[in-house]
Amino acid sequence: MDGKRDVAEKILDRLLVIHPQPVCELNFSTPFELLVAVILSAQCTDKRVNEVTKTLFAKYNTPEDFANIDREELEKLIYSCGFYKNKAANIISAATDVITRFGGQVPSRVDQLVTLAGVGRKTANVVYAVAFGGQAMAVDTHVLRLANRIGFVKTDRPEVAEKALTDAIPERRWTEAHHLLIHHGRYVCKARNPECDKCTICEYCDYYAQICGNPVKTEN
Ligand code: SF4
């Protein structure tokens with residue numbers, strides 16, 4: 001386990017070289033705004049979500065606003081994020097839950113966040129990590145792809161990848177690792193054409209070893 005953790009930390013240190021500011025790219029000013037933004041980000045780019053929430057949050061941004069919003073109006077406002085009907089229903093349900101069960105405050109624990117209607121484990125982990133400064137490994141499509149390509153895990157199940165990553169990575173770096181893997185997946189290790197020539201972790205990557213052969217490992 002120590003060896004695995006050592007390698008995991010080396011991978012994170014290498015990723016930091018090309019992604020020196022691994023932070024959430026969604027714009028928000030309150031935990032509830034972040035919750036809404038993360039729900040909207042499913043199957044959508046952060047850039048598009050930020051465009052939509054710029055207008056949306058100028059008019060509606062509290063749990064009360066969204067619990068009472070006209071659903072059709074919300075659907076129109078978030079239409080370009082895709083899956084707008086489901087997302088509108090989830091946002092309204094989550095807002096109602098925040099008011100009725102948590103006194104209007106977004107809960108700050110993952111086990112509470114996952115009980116909100118329309119909030120899954122990935123969303124709960126992101127809100128916990130980004131809004132409340134917790135350590136969590138939220139597994140989205142980029143993190144899942146990277147975890148498989150590098151070789152932390154061979155699975156299509158996010159919960160299995162979360163367990164493997166949190167076993168391999170020290171807890172103090174879970175949130176940083178989540179952001180690093182997302183940035184790397186978004187800008188370098190892309191789904192269709194990974195840009196391995198720009199990558200700093202080739203020597204630790206199973207995918208690279210299969211495609212290009214095993215590079216010589218260096219000290220740092
Ligand atoms: S070497 Fe290629 S496949 Fe492996 S993590 Fe880097 S970009 Fe992705």
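Predicted model only: the values in this text are computed from it and were never measured.

Procedures and definitions
Residues numbered from 1 in each chain as written. Predicted model: local features only at pLDDT ≥ 70, side-chain atom pairs only at ≥ 80, totals over all residues. Helix = DSSP H or I, 4+ residues; strand = E, 2+ residues; numbered from the N terminus. Rg over C-alpha atoms; globule rule 2.2 N^0.38 Å. Buried ≥ 20, exposed ≤ 12 C-beta atoms within 10 Å, placed from the backbone. Contact = placed C-beta atoms within 7 Å. Core = buried A, V, L, I, M, F, W, Y, C linked by C-beta atoms within 7 Å. Domains from an automatic or database assignment. Near = placed C-beta within 6 Å. Nonpolar A, V, L, I, M, F, W, Y, C, P; charged D, E, K, R; others polar.

The number of helices and strands found in the protein is 12 helices and zero strands. Going from the N terminus to the C terminus, the protein shows its helices and strands as α-α-α-α-α-α-α-α-α-α-α-α. What you see for the protein is a C-alpha radius of gyration of 19 Å, in line with the 17 Å of a compact globule of 220 residues. By principal-axis analysis of the C-alpha atoms, the protein measures approximately 60 × 30 × 30 Å. Each of the 220 residues in the protein was classed as buried or not, and the buried ones make up 37%. Pairs at least 24 apart in sequence give 59% of the contacts found in the protein among residues at least 6 apart.

Taken as a class, soluble globular proteins show a tendency for nonpolar side chains to be buried jointly. By size, the foremost hydrophobic cluster in this structure holds 60 residues, and its most contacted members are Leu-35, Val-127, Ala-147 and Leu-165. Looking at this core, you find at least three residues from each of domain 1 (2-22 + 138-212) and domain 2 (31-132).

Once that is clear, we can look at the environment of Lys-59. Inspection of the secondary structure puts Lys-59 in helix α3 (residues 46-59). Along the backbone, Lys-59 and Ala-168 are 109 residues apart, and their C-alpha atoms lie at a distance of 43 Å.

We now examine the environment of Glu-33. Relative to the elements of secondary structure, Glu-33 occurs in helix α2 (residues 31-40). A tally of 20 C-beta atoms within 10 Å means that Glu-33 is categorised as buried. Apart from residues lying up to four places away in sequence, Glu-33 is in contact with Phe-28, Phe-57 and Asn-61.

Taken together, 13 residues lie around the ligand, and Cys-189, Cys-196, Cys-199, Cys-205 and Tyr-208 are the ones closest in. Within the residue set of the shell around the ligand, elements represented by two or more residues are α9 (141-150) and α12 (206-212). A per-class count over the shell around the ligand returns 11 nonpolar, no polar and two charged.

Glancing now at unusual backbone geometry. The phi torsion at Gln-43 lies on the positive side, around 55 degrees, for a residue other than glycine. One non-glycine residue, Phe-83, adopts positive backbone phi at about 45 degrees. Residue placement: Phe-83 occurs in the loop between α5 (71-78) and α6 (84-102). According to the C-beta neighbour criterion, Phe-83 is partly exposed, with 14 such atoms within 10 Å.

A few words on the environment of Tyr-128. Considering the arrangement of structural elements, one finds Tyr-128 in helix α8 (residues 121-132). Tyr-128 gets classed as buried once you count the C-beta atoms within 10 Å, which come to 25. As a C-alpha pair, Tyr-128 and Thr-45 span 83 residues in sequence and 20 Å in three-dimensional space. Apart from residues lying up to four places away in sequence, Tyr-128 is in contact with Val-110, Leu-113, Gly-134 and Ala-136.

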